[in-house]
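Coordinate analysis (summary)
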Amino acid sequence: MEHLRNYLQANKARKEAPARDASQIGNRLHEVFDRMAAQSAMKGRSPKLATGFEDVDEIIGGLELGELVAINGLPGSGRTAIALEIALQTAKDTQLPILIYSQNHAAQQITRRWLSMMTGVPISCIENAALDDAQWNALYSASAWLQEQDIRIFEIDQTLPELCATIRRQNTPALVIIDGLPDNQLWREPMRILKALASETACCVVFTGCYSDTAPYIAGGVDKVFHLDWYTEQENTFEIKWNRTGKNVCTILIWQEECLRFLPYLSGGDE
C-alpha cells in the first residue's frame, strides 16, 4: 500500500503539470497505473449496484462497476427520475462517492426532487414552502440523511473529453451520472470515451439520452440500455425495457407526477 500511496502522490503532481504529448510511453504507463490504483481502491466494494426498482434488479441483478449504462427515452419520459433513483439507492447501499453532472437541471432542482422523491411531499409544496408540520419533519429527516452522503452535483459546462478528465480527478466514485448528454454526442466515439471512463475508474457510468431505439447504444459499446416507453393501456404508466446485448426484458412502473418519481405497478392501476 505504501507503493500505491507514493504513486498516487506523484500522479497528483503529474496531473497538475502541463500536458504532455499523448503518444509518449510515459502517458501509457500512467494510464495503466491509474487503472490499477482505481481497482485497488475498489477492493471491498460490492461488484453490483441496485437500481432501486426490485423487478429490474431481480431480472438483471443490478448494475455492475465498470459498466456504461444508457437511460433512453423522450424528454419528459422520466429519464432523470430513473437516474436519481439509482443514485439514491447507491448512496443507501454503499455510502461511497456519487457524482451527478446535469445539463438539464440545476443543482437546486435536483436536490428538491430528491427531497420530494424520498418523502412523498409534492414538489409544488417544496417549491412554494406550503408545508404542514408533518411535511416539514419529513423534509428535515431526509435532509439530514442527504447531508451525510458523499454526493456532488455539477452543472455541465464542459466538452465530453474535458468532463471525463474532470471525473478522473475525483476520488474513485461508485457511480457517475451524466444527465442530458446532448444528441450530437450520441454516436460511437463519445460512447467509446464514456466506456473507457467507466473501465478505467472502475465505477458505473450512467447517462441519459434519446434514440428512437436502443440498437445504436449497443453498437456503441454501451453495456445496458434502460429504455422508457409509454405503456398503451394507461396514460401515466411506463414500460421499461432493459436491453443487454440485444435482449429485451420488460417491466411496468407508475409515474407519480406530484413527486416526479416512479412507483411499482399494481394490478388495477391503484397506487
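Below, the structure is looked at part by part. Computed from a predicted model, the values in this text were never measured in an experiment.

1. Some points on the overall build of the protein
- Helices and strands together make up the secondary structure of the protein, namely ten helices and eleven strands.
- Surface exposure of the protein reaches about 13900 Å², of which carbon and sulfur atoms provide 51%.

2. So, the packing of helix 5 (residues 107–119) against helix 7 (residues 133–147)
- Here helix 5 crosses helix 7 at 115°, and the two axes come no closer than 10 Å. Judged by the sense of rotation from one axis to the other, the crossing of helix 5 with helix 7 is right-handed. Each of Trp 114, Leu 115, Met 118 and Thr 119 in helix 5 lies in contact with helix 7, whose residues at this interface are Ala 138, Leu 139, Ala 142, Ser 143, Trp 145 and Leu 146.
- By residue class, the composition of the contact of helix 5 with helix 7 is eight nonpolar, two polar and no charged.

3. With respect to the pattern of salt bridges
- Evaluated as defined, the whole model comprises six salt bridges.
- Across the pair Glu 200 and Arg 168 runs a salt bridge whose closest N-O atoms are separated by 2.9 Å. Highlighted residues: Glu 200 in helix 9 (residues 188–201) and Arg 168 in helix 8 (residues 160–168), separated in sequence by 32 residues.
- Judged by its relative accessible area of 29%, Glu 200 is partly exposed.
- The partly exposed category is assigned to Arg 168, whose relative accessible area is 30%.
- Lys 195 is paired through a salt bridge with Asp 223; the nearest N and O atoms lie 2.6 Å apart. Residue Lys 195 is found in helix 9, and its partner Asp 223 is found in the loop between helix 10 (215–219) and strand 8 (224–230); the two are separated by 28 residues along the sequence.
- Assessed through its relative accessible area of 22%, Lys 195 is described here as partly exposed.

4. Some words on the nonpolar core
- Core analysis: the largest hydrophobic core is formed by 42 residues, its most contacted members being Ile 82, Trp 114, Leu 175 and Phe 262.
- In this structure, Leu 160, Val 176, Leu 181 and Leu 197 belong to the second largest nonpolar core, which totals 23 residues.

Rules behind the numbers
Within each chain, residues carry numbers counting from 1 in the order of the written sequence. Predicted model: local features are reported for residues with pLDDT of at least 70 only, side-chain atom pairs are reported and counted for 80 or more only, and whole-chain, interface and lining totals are derived from all residues. To get the side-chain values, all heavy atoms of the structure are used, and hydrogens and water are removed first. Numbered from the N terminus, helices here are DSSP runs of H or I no shorter than four residues, and strands are runs of E no shorter than two. The method behind every accessible area is Shrake-Rupley, applied with a 1.4 Å probe, and residues are considered shielded solely by the protein chains displayed. Angles here are taken between N-to-C directions and fall from 0 to 180 degrees, while the axes themselves are lines fitted to C-alpha atoms, restricted in helices to the stretch in contact. With the far helix as reference, a near helix turned anticlockwise by less than a right angle produces a left-handed crossing, and one turned clockwise produces a right-handed crossing. We call two residues contacting when some pair of their heavy atoms lies within 4.5 Å. Throughout this entry, Asp, Glu, Lys and Arg are counted as charged residues, while Ala, Val, Leu, Ile, Met, Phe, Trp, Tyr, Cys and Pro are counted as nonpolar. The remaining residues, Gly among them, count as polar. Salt bridge, as applied in this entry: a Lys or Arg side-chain nitrogen positioned within 4 Å of an Asp or Glu carboxyl oxygen. Note on exposure labels: buried denotes an accessible area under 20% of the residue type's maximum, exposed denotes more than 50%, and partly exposed covers the range between, all computed with a 1.4 Å probe on protein chains only. Throughout this description, the term nonpolar core refers to a set of buried Ala, Val, Leu, Ile, Met, Phe, Trp, Tyr and Cys residues connected via side-chain atoms within 4.5 Å.

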